[in-house]
Amino acid sequence: MIGDETAQRAAELIGEARNEDRRVGPLPIDCAPENEADGYAIQSALHGWLTQTGSGALVGYKVGCTTPVMQEIVGVPNPAYGGIMTTGAYRGSAEFAAGTFQNPGIECEVAVRISTDTEIGRVNYDRSSIASHVGTCMAAIEIVDNRYGDFKTAGAPLMIADDFFHAACVLGLEIEEWKDLDLAALEGCTIIDGAPAGTGLGAAVMGHPLEAVAWLANALAAR
């Protein structure tokens with residue numbers, strides 16, 4: 001696994017590129033991540049670097065690559081997570097300058113607020129057991145950004161190190177009565193200039209959005 005000093009150097013290179021609104025990578029060979037473990041080590045160092053340079057604290061996580069199709073395209077056998085910093089989380093609405101992104105896109109999301117701590121070291125959460133830790137659910141938009149040019153050649157370890165395409169998120173109203181909703185059957189719709197541009201069901205996220213939350217809890221505990 002990549003060492004602390006090497007991870008810190010890689011994190012600084014990634015962070016500086018992001019703060020200067022330029023493409024991320026490729027990294028020098030001596031600090032480039034070779035696998036998922038390396039990627040997450042650099043990601044952790046990146047979050048610390050971003051906190052120290054004005055992005056605020058780490059306030060949450062995003063889960064990406066939740067479908068077999070995307071996993072095959074990116075080259076990972078499982079989902080991947082990235083961090084969300086204070087300055088990248090918005091409520092209700094937000095405006096962004098196009099020039100601050102390389103190649104942006106948006107994704108309909110289901111966001112959850114964790115209201116109670118998960119059990120330390122527990123790595124066998126499933127959809128039903130993680131539900132007891134969920135306080136509220138929200139409709140959300142994630143702004144993703146391809147900061148790599150041809151991301152297929154960038155490699156999953158680098159994308160993991162760089163929060164896996166994450167740029168920002170916009171959170172909707174918090175729903176406390178979320179257990180009354182069928183999250184898998186909920187439909188998200190993207191509207192651009194008044195016209196529908198795409199729809200999707202909650203079931204597209206690993207069969208049920210809480211499956212992604214359970215996966216995240218287990219992945220974080222394992223690391």
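Residues numbered from 1 in each chain as written. Predicted model: local features only at pLDDT ≥ 70, side-chain atom pairs only at ≥ 80, totals over all residues. Heavy atoms only, no water.

This part covers the sheet that holds strand 5 (residues 134–145). What links the strands of a sheet is backbone hydrogen bonding, and the strands pair in either a parallel or an antiparallel sense. Taken together, 4 strands build an open sheet; the order of strands is 3-6-5-4 and the sheet is mixed. Looking at strand neighbours, the two that pair on one side only are strand 3 (89–91) and strand 4 (104–114), the edges of this open sheet. When the angles between neighbouring strand axes are averaged without regard to direction, this sheet yields 25°. Alignment of strand 4 against strand 5, held across 11 bridges, turns out to be antiparallel. (Pairing = 2+ DSSP bridges. Helix = DSSP H or I, 4+ residues; strand = E, 2+ residues; numbered from the N terminus. Axes fitted to C-alpha atoms, helices over the stretch in contact; angles between N-to-C directions.)

Each aromatic ring pair is described using two quantities: the centre-to-centre distance and the angle formed by the ring planes. Tallied over the entire structure, the rule returns 8 aromatic pairs. Ring geometry for Phe164 versus Phe165: centroids 5.6 Å apart, planes at 85°, classification edge-to-face. The two residues Phe164 and Phe165 agree in class, both being buried. An aromatic cluster is defined as three or more aromatic residues linked by ring pairs; in this entry it consists of Tyr40, Tyr61, Tyr81 and Trp215. Positioned over the ring face of Tyr125 is Arg122, at 4.1 Å from the centre of the ring. (Phe/Tyr/Trp six-rings, centres within 6.5 Å; stacked < 30°, edge-to-face > 60°. Buried < 20%, exposed > 50% of the residue type's maximum accessible area, 1.4 Å probe, protein only. Lys NZ or Arg CZ within 6 Å of the ring centre and 35° of its normal.)

When the sulfur atoms of two cysteines share a covalent bond, that bond is a disulfide. Under the definition given, this model contains 0 disulfides. You can see Cys65 has no disulfide; the closest cysteine sulfur is in Cys108, sitting 18 Å from it. As a non-bridged cysteine, Cys108 has Cys189 as the owner of its nearest cysteine sulfur, 7.2 Å distant. (Disulfide = S-S within 2.5 Å.)

Of note, the amide linkage connecting Gly25 to Pro26 takes the cis form, showing an omega dihedral of -5°. Tracing the sequence through the fold places Pro26 in the loop between helix 1 (4–19) and helix 2 (36–55). Its identity is not glycine, yet Asp21 carries a phi of approximately 55°, on the positive side. Turning to its location among the elements, Asp21 is positioned in the loop between helix 1 and helix 2. You can call Asp21 partly exposed: its relative accessible area is 34%.

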